[in-house]
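Commentary on secondary and tertiary structure
One-letter residues, chain by chain:
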Amino acid sequence: MASPQKFRLLGLTNSCRASSYNQMVLTHIKTHFEDLVDLHLFDISKIPFYEDRAEAFPFSNEISDLAALMGQSHGLIVASPEYNHSVPARLKNTIDWMSRMPNKPLLRRPVMLISASTGQLGGVRVQYELRRVFDATDSRVMIKPEVFIGKVHEKFSLAGVCTDQETGALIKNQLQSFFDWMKSYSLNLNCLEEDVTHQ
Ligand SMILES: Cc1cc2nc3c(=O)[nH]c(=O)nc-3n(C[C@H](O)[C@H](O)[C@H](O)COP(=O)(O)O)c2cc1C
């Protein structure tokens, strides 16, 4: 099967700080690799908190839009902060919503994880928590290379510019590996067909 000229990816982060470093990481990928990737950055801040009874009502526009975009994407890039060694509530809530949507947008969806933290470890723990969550949704998280950006405030300027060459190289290498991995993965699971929605 032919690979796409350009990967259509969806970028998610926790979206609750105007100057979020994880948002900067996604923006860096979007702007530096636009010849390879069409990265749609979706703002999850309007996604309401999940309620069981909400499933009986029409889904809000944000939820339906996200499910549709995710279903039409070749894969996800999740850039997450770590909150108290775990997944920030908004991001987890969004994944919970998507796990309940009729088009099953997370099912077998390739996922690249990256995390940035002002702490030393760069979000190692949140990535392992996220792997467990994406196991439950039967998504496909790329195993390696793993990228944890510790002390991110020393590696990105306040204007969102990546000032650390090594970090820039790690991100580039991870992204290239994600593309290669998706291509080989598609040979088995046909996830790169033009219509990638799993209805
Ligand atoms: C409620 C809260 C909990 C946090 N817990 C952790 C943590 O467990 N580990 C860590 O490395 N950083 C932790 N941090 C610091 C974040 O890594 C830091 O604020 C980071 O910049 C958040 O990502 P953002 O810039 O994308 O919003 C925490 C921050 C907040 C607000």
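Presented here is a report on the structure given in the accompanying data block. If you're wondering where the values come from, they're calculated on a predicted model, not measured in any experiment.

**Concerning helix H1 (residues 21-32)**
Taking 1.5 Å of rise per residue, 12 residues should cover 16 Å, and H1 covers 16 Å from first to last C-alpha, within 8% of that figure. All of the buried residues along H1 are Tyr21, Asn22, Gln23, Met24, Val25, Leu26, Thr27 and Ile29.

**Structural notes on the pairing of strand S3 (residues 75-80)**
Counting buried positions over the six residues of S3 gives six, a clear majority of the element. The alternating pattern of S3 places Gly75, Ile77 and Ala79 on one face and Leu76, Val78 and Ser80 on the opposite face, and all of these are buried. Relative to S3, strand S1 (residues 7-12) is paired through four bridges, and the arrangement is parallel. Following the sheet pairing, Gly11 is matched in S3 by Ile77. Sheet topology note: the S3/strand S4 (residues 110-116) ladder contains five bridges and is parallel.

**Description of the environment of Gly119**
The residue Gly119 is located in the loop between S4 and helix H4 (124-136) in this model. Look at Gly119 and you get partly exposed, because 15 C-beta atoms sit within 10 Å. Separated by 30 residues in the primary sequence, Gly119 and Ile149 have C-alpha atoms spaced 8.9 Å apart.

**Side note on the environment of His85**
Position of His85 among the secondary structure elements: in the loop between S3 and helix H3 (89-99). As for His85 and Glu129, which are separated by 44 residues in sequence, their C-alpha atoms are 8.5 Å apart.

**Side note on unusual backbone geometry**
Going from Lys144 to Pro145, the amide bond is cis rather than trans, its omega being 5 degrees. If you trace the backbone, Pro145 turns up in the loop between strand S5 (140-141) and strand S6 (147-149). For Arg108, which is not glycine, the phi dihedral falls at a positive 60 degrees. As for its position among the elements, Arg108 is in the loop between H3 and S4. For Arg108, a count of 15 C-beta atoms within 10 Å puts it in the partly exposed group. The phi dihedral of Lys151 falls on the positive side, at around 45 degrees, and the residue is not glycine.

**Observations concerning the nonpolar core**
Most often, soluble globular proteins have nonpolar side chains that are buried together. Val25, Leu76, Ile77 and Val78 are the most contacted members of the largest nonpolar core, which has 45 residues in total. Among all residues touching Ile77, those that are not within four sequence positions of it are Leu9, Gly11, Leu26, Ile29, Leu39, Met112 and Ile114.

**Looking at the pairing of S4**
For S4, the tally of buried residues reaches seven of seven residues, placing the bulk of the element in the interior. Side-chain alternation along S4 places Pro110, Met112, Ile114 and Ala116 on one buried face and Val111, Leu113 and Ser115 on a second face that is also buried. Chirality of the crossover, the property in question, places the unit of S3, H3 and S4 among those that are right-handed. Inspection of the sheet shows S4 paired to S5 by two bridges, in the parallel sense. In the strand pairing of S5, Pro110 is matched with Arg140. Examined bridge by bridge, S4 and S6 share three bridges and lie parallel to one another. Residue pairing in the sheet places Ser115 in a bridge with Phe148 of S6.

How each quantity is defined
- Counting restarts for each chain, with residues numbered from 1 along the sequence as it is written.
- Reporting in this predicted model follows two pLDDT cut-offs: at least 70 for local features of residues, and 80 or more for side-chain atom pairs to be given and counted; totals over whole chains, interfaces and linings ignore these cut-offs and use all residues.
- Secondary structure follows DSSP: runs of H or I at least 4 residues long count as helices, runs of E at least 2 residues long count as strands, and numbering of each begins at the N terminus.
- Helix span, expected: 1.5 Å multiplied by one less than the number of residues in the helix.
- Buried, partly exposed and exposed are defined by the number of other C-beta atoms within 10 Å of a residue's own C-beta, namely 20 or more, between the two limits, and 12 or fewer respectively, with C-beta atoms placed from the backbone.
- Think of it this way: DSSP has to see at least two bridges between two strands before they count as a pair.
- The nonpolar core is taken to be a set of buried Ala, Val, Leu, Ile, Met, Phe, Trp, Tyr and Cys residues joined by way of C-beta atoms within 7 Å.
- Any two residues are considered in contact once their C-beta atoms, placed from the backbone, lie within 7 Å.
- Crossover handedness is defined here as right-handed if the route from the first strand over the helix to the second strand goes clockwise, with the strands pointing away from the viewer.

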